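Examination of the molecular architecture
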Amino acid sequence: MRILVQKFGGTSVDGHECMLKVREKVLGGLDNGYKVIVVLSAMHGVTNSLLETAHSWTEQPDRAELDVLVATGEQQSVALFTMLLKEIGIKARSCLGYQLPIRTDPTYGSARILDIDQNAIFDLLKRYDVLVVAGFQGCDCTRRITTLGRGGSDTSAVALAAAVNASVCEIYTDVDGVYTTDPNICSKARKIDTIDYEEMLEMASMGAKVLQIRSVEFAKKYNVPIHVRSTFSNEPGTIVTQEENSMEAALVSGIAYDKDQARITLVGVKDEPGVSARIFEPIAAANIVVDMIVQNPSKDNRTDLTFTVPRGSVRDTLAIIDRIKDEIGAQDIFHDDNVCKISVIGVGMRTHAGIASIAFATLKKENINILMISTSEIKISCLVKEKYTELAIRSLHEAFGLDKEKSPACEQSLA
Ligand code: ADP
Ligand code: ASP
Ligand code: MG
């Protein structure tokens, strides 16, 4: 049995017209001799509107019930789309996460997939040509509904592709592939034909929401090739796959940005063993992900500590700091939501020095102040004021020659 997995995001299932386009893609898969597993997101805006309703009804909605609520968005999509398949005589049925089942841990709101019943899917595919599966959802061991985090339908699709050993997982969206940077921000962004899992992972983690991070982790772990492409054209998109020839890897392959950042500064905390642990342990215990951390040199056994958290976690983080502020000796606490993290990414950085200095010089030329810096072997991230987001992206994109086939700026500077 040849199986194809096709996932369609929110803008691809946004109403009857769009769903007819989706149907054409599925018919294409059937014509090529595949059984098709279609994974659908909620229609554009539906998840946000369900979340808004819950938060307007109660200050802190129960997490498990919130998952029951937001999972209904995908339920609508699969029911409506399966009707469209059946009206033209396709043997199809809809499947919700708990029906397959897609088993997850019980972390409501950002559950991890633990297991998918492969045999149950094969049995269904003997009876149906198309399974229309609700993305973004699963169930825990007590059969409660869970959801996989924003953008989680990508992960549902890749996990299903891994479970049934599909030859490829097609991710259909509103852009025709993965670009050197968000094409909706930079008109000179170029489509990338092939990208390595590791680079894609870094792009996704640094904010390129075209693929959810966990979907790329899954793809890498189970070696599932992903084809990111457009629902609204027939052009080939971007293949995300295993690194083939790192010697020829571009120095810089993309620029990502993440506006979901807030900076918190603790002024004058005691500079002694255990203080960082005292600050970051309760933050971690509250499931708040700290990203960048900078500690200034100590003066009179006191230091300033600055770190970033997602914007939605600022209130909870400040409440935690308030509880421990006397213990850690914080003299003042500041926070700033108007920041954005811009990241330059490329596996070629592993073997070349000098990329960071080009990035810093480029931002300087535009008079953009860098608030914080963090690096890994294949990326450099700079936190800047949010108002500079577009300018920073465009100037870095140009400086690294990403609008051209090669990266002349880097090659010249590093020659
Ligand atoms: P879907 O609803 O189909 O899952 P998303 O909105 O989650 O779609 O992801 C697609 C969007 O990702 C694009 O519209 C684009 O604005 C954004 N994006 C950010 N960075 C990139 C990038 N490097 N390449 C392509 N798209 C990107
Ligand atoms: N509907 C969910 C969201 O908006 C999941 C997804 O679209 O992938 O995040
Ligand atoms: Mg998405």
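Residues numbered from 1 in each chain as written. Chains lettered and ligands numbered in written order. Predicted model: local features only at pLDDT ≥ 70, side-chain atom pairs only at ≥ 80, totals over all residues. Heavy atoms only, no water.

1. Quick word on the packing of helix H6 (residues 197-205) against helix H7 (residues 213-222)
- In the contact formed by H6 and H7, the axes pass within 9 Å of each other and the chain directions differ by 165°. Taken together, H6 and H7 sit at an angle that is classed as roughly antiparallel. H6 and H7 meet at a crossing whose hand is left-handed. Contacts between H6 and H7 involve Tyr 197, Glu 198, Met 200, Leu 201, Ala 204 and Ser 205 from the first element and Ile 213, Val 216, Glu 217, Ala 219 and Lys 220 from the second.
- Counted by class, the contact of H6 with H7 contains 7 nonpolar, 1 polar and 3 charged residues. (Axes fitted to C-alpha atoms, helices over the stretch in contact; angles between N-to-C directions. Helix = DSSP H or I, 4+ residues; strand = E, 2+ residues; numbered from the N terminus. Parallel < 35°, antiparallel > 145°, perpendicular 65-115°, else oblique. Left-handed = near helix turned anticlockwise from the far one by under 90°. Contact = heavy atoms within 4.5 Å. Nonpolar A, V, L, I, M, F, W, Y, C, P; charged D, E, K, R; others polar.)

2. Things to note about the UniProt feature "binding site: ATP" (unreviewed entry) in the protein
- Mapped onto this numbering, the UniProt entry annotates "binding site: ATP" (unreviewed entry) at Lys 7, Phe 8, Gly 9, Gly 10, Thr 173, Asp 174, Tyr 179, Lys 209 and Val 210.
- Summarising the element assignment, Asp 174 is placed in the loop between strand E9 (169-173) and strand E10 (194-196).
- Taking the relative accessible area as the measure of exposure, Asp 174 reaches 44% and is therefore partly exposed.
- Not counting residues within four places of it along the chain, the set of residues in contact with Asp 174 comprises Thr 11 and Phe 232.
- Among the polar contacts listed, one links the side chain of Asp 174 to the side chain of Thr 173, at a separation of 3.3 Å. (UniProt positions renumbered as here; feature names shortened; annotations may be inferred. Buried < 20%, exposed > 50% of the residue type's maximum accessible area, 1.4 Å probe, protein only. Polar contact = N/O pair within 3.5 Å; in protein donor to acceptor, adjacent residues only side chain to side chain.)

3. What about the sheet that holds strand E6 (residues 130-134)?
- Taken in spatial order, the 8 strands line up as E3-E6-E2-E1-E9-E11-E12-E10 in an open sheet, and their pairing is mixed. Here the strands that pair on one side only, and so sit at the sheet edges, are strand E3 (92-95) and E10. Ignoring strand direction, the axes of neighbouring strands in this sheet form an average angle of 20°.
- Against the sheet, helix H1 (residues 16-31) touches strand E1 (3-8), strand E2 (35-40), E6, E9 and strand E11 (226-230), its axis set at about 170° to E1. (Pairing = 2+ DSSP bridges.)

4. Some thoughts on the packing of aromatic side chains
- Within this structure, the stated rule accounts for 3 aromatic pairs.
- Summarising the aromatic geometry, the rings of Phe 280 and Phe 307 are spaced 5.1 Å apart at their centres and angled 80° between planes, so their arrangement reads as edge-to-face. Of this pair, Phe 280 sits in helix H8 (residues 275-285) while Phe 307 is found in strand E15 (residues 302-309), placing the two residues 27 residues apart along the sequence.
- Judged by its relative accessible area of 17%, Phe 280 is buried.
- Against the face of Tyr 34 rests Arg 2, its NZ or CZ located 4.2 Å from the ring centre. (Phe/Tyr/Trp six-rings, centres within 6.5 Å; stacked < 30°, edge-to-face > 60°. Lys NZ or Arg CZ within 6 Å of the ring centre and 35° of its normal.)

5. Quick word on the nonpolar core
- Within the largest apolar cluster, 46 residues are counted, with the highest numbers of intra-cluster contacts made by Ile 37, Ile 121 and Val 133.
- Residues contacting Ile 37, with those up to four places away along its chain left out, are Ile 3, Leu 4, Val 5, Gln 6, Ile 121, Leu 125, Leu 131, Val 133, Leu 160 and Val 164.
- If you look at the next biggest cluster of nonpolar residues, it comprises 28 residues, including Val 13, Val 26, Leu 40 and Ala 92. (Core = buried A, V, L, I, M, F, W, Y, C linked by side-chain atoms within 4.5 Å.)

6. Regarding the site of ligand 1
- Residues in close proximity to ligand 1 total 17 residues, the closest being Thr 173, Asp 174, Tyr 179, Asp 182 and Asn 184.
- Interatomic distance of 3.2 Å between a backbone N/O atom of Gly 10 and an oxygen atom of ligand 1.
- Contact distances for ligand 1 include 2.9 Å between an oxygen atom and a side-chain N or O atom of Asp 182.
- Starting from 570 Å² of accessible surface for ligand 1 in isolation, the protein chains cover 88%.
- Residues of the shell around ligand 1, tallied by class, amount to 7 nonpolar, 6 polar and 4 charged. (Near = heavy atom within 4 Å. Areas by Shrake-Rupley, 256 points an atom, 1.4 Å probe, with all protein chains shown as cover.)

7. Things to note about the site of ligand 2
- The environment of ligand 2 is formed by Ser 41, Ala 42, Thr 47, Glu 74, Phe 136, Arg 150, Gly 151, Gly 152 and Ser 153.
- One of the backbone nitrogen or oxygen atoms of Gly 151 is found 2.9 Å away from an oxygen atom of ligand 2.
- Protein chains bury 86% of the 260 Å² of accessible surface belonging to ligand 2 in isolation.
- When its residues are assigned to classes, the shell around ligand 2 shows 2 nonpolar, 5 polar and 2 charged.

8. Some points on the sheet that holds strand E16 (residues 332-345)
- Strand order in this open sheet of 6 strands is E14-E15-E13-E16-E18-E17, and the pairing throughout is antiparallel. Bordering the open sheet on either side are strand E14 (293-295) and strand E17 (372-376), each of which pairs with just one other strand. Strand-to-strand, the axes of this sheet are offset by a mean angle of 25°, without reference to chain direction.
- Relative to E16, strand E13 (residues 254-270) runs antiparallel, the two sharing 11 bridges. For Ile 264, the partnering residue across the bridge sits in E16 and is His 335.

9. Considerations on the side chain of Thr 306
- Along the chain, Thr 306 turns up in strand E15.
- Here Thr 306 is in contact with Arg 263, Ile 264, Thr 265, Met 292, Ile 293, Val 294 and Met 372, once residues within four sequence places are set aside.

10. A word on the UniProt feature "domain: ACT" (unreviewed entry) in the protein
- Following the UniProt record, one finds the feature "domain: ACT" (unreviewed entry) at residues 264-338 and 344-415.
- With 35% helix and 33% strand, residues 264-338 has end C-alpha atoms that lie 11 Å from one another.

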